[in-house]
Amino acid sequence: MYIEELPSPCYVLYEERLRRNLELIKSVKDRAGVEIILAFKAFAFWKAFPIVRQYINCSTASSLNEALLAVEEMGSKAHTFAPVYTESEFQYIAACSSHITFNSISQYEKFKSRTTGISCGLRVNPEFSVVETDLYNPCVPGSRLGVTADKLQNGLPDGIEGLHVHCLCESSASDTAALLDAVEQKFGRFLPQIKWLNLGGGHLMTRQDYDVELLINSLKAFKQRHPNLTIILEPGSAFAWQTGDLVATVEDIVENGGIKTAMLNVSFACHMPDCLEMPYKPSIVGATDPVEGKPTYRMGGNSCLSGDYVGSWSFDKPLKVGDRVVFEDMIHYTTVKTTMFNGVTHPSMGIVRSDGTFELKRKFSYQDYKGRMS
């Protein structure tokens, strides 16, 4: 299919690329003897889950909406972790979960009586990370995520069956090996007492230069040292890494201060928010970093945010109105961040009338979350 035949704008997922990633992930799972589950926070395009389920049949959820999606579209209960649980949602989350990890001892104590039949875990913070961008660093000093070792001087709370660590972000196999060492150093005394260890996400095993053999060998060696443990990995980006693009169209070209901007029918703020948050510059099909003498353009989004642009790229020939611009690798995280990231429900909307009465006008539901990904 030619790019010109696709709707614009459009996120485009390629089945062949997705299957290639899934085959590698399943191979790691089988060879290392570990569990690998899909993290919805990075990839929740559930119309593709019939393909995913042929290779991986479990998932991790970070909200009630994601837990419901796990049951409905993955056909299995979720391994659930949320930074905080609420009274109004917990009973429903519990009904959709096989495992629930708590971010603090106080949250576990609050809800543990309602976890019958569920394997409970505690998120711990080994105070180790190789992530350079603080926005994506779960172990940044003062992090709100996970219990540090000094808070466990009296041991694990009764009933905790697993530990969960999440310290990586699009990281390497050597980073995972270092994480395993950090877990043993900080929490080794607890490992004989528990049933499972969840190593979280960030294991970018489908990246071309990733050392898959090192990952497998590191996991197997760890399992030999701790044969009582089920090891769980929950990558997100690895599933959808380089599986699809965002197709856009040039609608106008403006020039100011010697800078030419291609005005697109997509927005970095609205459709590619990580480009501004990380920040990072995505790849564009047929374009390169600026080359002197070549037609060069900044890419401009179609929102009114002044900073809704990224640049610059050089092309072999000048862009014109109507040309397609294809941003590569725009499926993982990008699609979920333009809907309801982590499945976190939008706040309700209402009006306080002049007589002091409140009128609820809009309450968002699971169907709003699921419908945005359909």
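In case you missed it, the structure is sitting above this.
All figures in this text were calculated on a predicted structure; none of them were measured in a lab. (Residues numbered from 1 in each chain as written. Predicted model: local features only at pLDDT ≥ 70, side-chain atom pairs only at ≥ 80, totals over all residues. Heavy atoms only, no water.)

### So, the side chain of Ser62
- Inspection of the secondary structure puts Ser62 in the loop between β4 (59-61) and α3 (64-74).
- Residue class for Ser62 comes out buried when judged on its relative accessible area of 17%.
- Residues contacting Ser62, with those up to four places away along its chain left out, are Phe81, Ala82 and Asn342. (Helix = DSSP H or I, 4+ residues; strand = E, 2+ residues; numbered from the N terminus. Buried < 20%, exposed > 50% of the residue type's maximum accessible area, 1.4 Å probe, protein only. Contact = heavy atoms within 4.5 Å.)

### A closer look at the pattern of salt bridges
- On inspection of all chains with the given rule, the structure shows 23 salt bridges.
- One salt bridge connects Glu184 with Arg225, and the closest N-O pair in it is separated by 2.8 Å. Linking Glu184 in helix α6 (residues 173-187) with Arg225 in helix α7 (residues 212-225), this pair joins segments that are 41 residues apart in sequence.
- Glu184 sits in the partly exposed class, given a relative accessible area of 23%.
- Between Asp289 and Lys281 there is a salt bridge; the shortest N-O distance is 2.9 Å.
- Note on Lys281: relative accessible area 31%, which makes it partly exposed.
- Connected through shared salt-bridge partners, Lys26, Lys29 and Asp30 make up one network. (Salt bridge = Lys/Arg side-chain N within 4 Å of Asp/Glu carboxyl O.)

### Details of the environment of Phe45
- Examined against the element boundaries, Phe45 turns out to sit in the loop between β3 (38-39) and α2 (49-52).
- Taking C-alpha positions, Phe45 is 12 Å from Ala70, a pair spaced 25 residues apart along the chain.
- Among all residues touching Phe45, those that are not within four sequence positions of it are Leu13 and Met373.

### Comments concerning the nonpolar core
- Membership of the largest hydrophobic core comes to 85 residues, with the highest contact counts inside it found for Ile36, Phe49, Leu163, Met205, Leu219 and Ile231.
- Here the element with the most residues in this core is α6; it accounts for six residues.
- Each residue touching Leu219, except ones within four places of it in the same chain, is listed here: Ala32, Val34, Leu180, Leu199, Ile231 and Leu233. (Core = buried A, V, L, I, M, F, W, Y, C linked by side-chain atoms within 4.5 Å.)

### Thoughts on the pairing of strand β6 (residues 97-102)
- Within β6, five of the six residues are buried, which leaves it mostly tucked inside the rest of the structure.
- Inspection of the sheet shows strand β5 (residues 78-81) paired to β6 by four bridges, in the parallel sense. Residue pairing in the sheet places Ala78 in a bridge with Ser97 of β6.
- Traced from β5 through helix α4 (residues 87-95) to β6, the parallel crossover comes out right-handed.
- Both β6 and strand β7 (residues 119-125) contribute to a ladder of four bridges, which runs parallel. Looking at the pairing, His99 lines up with Ser119 of β7.
- On the question of chirality, the crossover connecting β6 to the parallel β7 by way of helix α5 (residues 105-111) is right-handed. (Pairing = 2+ DSSP bridges. Right-handed = clockwise from strand over helix to strand, strands pointing away.)

Geometric descriptors of this kind do not, in isolation, establish any biological role.
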